Amino acid sequence: MLRVKNLTTGYDGVPVVFDVSLEINEAEFVAIVGSNGAGKTTILRTISGLLKPISGEIEFEGKQIHKLTAHEIVRLGIAHVPEGRHVFGKMSVRDNLLMGAYTLNDRAKVNRLLNEVFEIFPRLKERENQKAETLSGGEQQMLAIGRALMAEPKLVLVDEMSLGLMPMMVDKVLETLKQINKEKGVTILLVEQKVQEALEMADRGYVLQTGRIVAHGTGKELLESDLVKKAYLGM
Ligand code: ATP
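Quick summary incoming for the structure in this document. Keep in mind it's a predicted model, so treat the numbers as computed, not measured.

Turning our attention to helix α4 (residues 107–120). End to end, α4 covers 20 Å across 14 residues, agreeing with the expected 20 Å (1.5 Å per residue, within 8%). Taken as a whole, α4 has its buried residues at Val110, Leu113, Leu114, Val117, Phe118 and Ile120. Angularly, the buried residues of α4 cover 160° about the axis, an arc narrow enough to put them on a single face. Opposite the packed face of α4, turned more than 90 degrees from it, sit the exposed residues Ala108 and Glu119. For α4, the elements touching its buried residues are α3 (93–99), α5 (122–126), α6 (137–149) and α7 (167–184). At the N-terminal boundary of α4, the capping side chain belongs to aspartate 106, with an oxygen 3.1 Å from the backbone nitrogen of alanine 108.

Right, let's talk about unusual backbone geometry for a bit. Within the chain, asparagine 6 stands out as a residue other than glycine whose phi angle is a positive 50°. In this structure, asparagine 6 sits in strand β1 (residues 2–11). Notably, alanine 27 is not glycine yet its phi reads approximately 70°, a positive angle. For alanine 27, the location among the structural elements is in the loop between β2 (14–24) and β3 (29–33). On the basis of relative accessible area, alanine 27 is assigned to the partly exposed category, the value being 33%.

What counts and what doesn't
- Every chain begins its residue count from 1, and numbering advances along the sequence as written.
- In keeping with the predicted nature of the model, local features appear solely for residues at pLDDT of at least 70, side-chain atom pairs appear and are counted solely at 80 or more, and the whole-chain, interface and lining totals rest on all residues.
- The basis for the side-chain values is all heavy atoms of the structure; hydrogens and waters are excluded.
- A run of H or I in DSSP counts as a helix once it spans at least four residues, and a run of E counts as a strand once it spans at least two, with each numbered from the N terminus.
- Expected span of a helix, by definition, is 1.5 Å for each gap between consecutive residues, and there is one gap fewer than residues.
- Burial classes: relative accessible area under 20% of the type maximum marks a residue as buried, over 50% as exposed, and values in between as partly exposed (1.4 Å probe, protein chains only).
- The arc in question is formed by the directions pointing from the helix axis toward the C-beta atoms.
- Only heavy atoms enter the contact rule, under which two residues are in contact if any of them lie within 4.5 Å.
- Under this definition, polar contacts are N or O atom pairs within 3.5 Å; protein pairs additionally need one hydrogen-donor-capable and one acceptor-capable atom, and for neighbouring residues in sequence, both atoms have to be side-chain atoms.

Rendered as structure tokens:
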């Protein structure tokens, strides 16, 4: 579904991600894990068109997308849940969700999607009319994911959802992502520095160190690998 080929990308022509290749199949749950500053966010921003590659290619459903605008990429079915959530604080939960459906003009469909999101996140339904800024961190993360789902995406890019969340909340949000993946068939690419939690949940993973992929495999294989054990699990 998504194929990243020999991607080098960064800021103002200075690369921070080097020669990265990865593939995600339809309906898979894939994690890119690595420490702070490894370049995970930079890869997601490049896939969603916010940054242009220095070299390399990105293909989505057989079509090259790395020269398209971020807006065009959203329309192809790729939604991005950014690090730090970026909910609209002064707007209600409901209006935040409706913002996610801005590419759709079929009202009945928007209502159906809204109900689906409320089914996945009953907490958001209970707080439908509350201002987003008054939600807890975990609830804001749910809102950011809910907003992405309102665009009816085929692929959701989730950036560092664990940031600032209590461990219990991290598990809950990860489990919900897994549920969205398995029950709705939405493909998920997650980037995370919580290496263990992410690899336990993902079908497959890639380990990124200082802008380079140093290992890949199933979540289980990676968790059992010496590299991951030593570098991230303190074993
Ligand atoms: P984190 O978990 O901290 O978000 P990350 O793996 O997502 O880490 P990136 O945010 O992709 O890492 O950052 C990779 C490198 O790119 C870092 O060295 C960072 O300082 C640099 N970088 C990030 N944003 C910019 C920017 N806007 N301009 C210049 N350099 C940047």
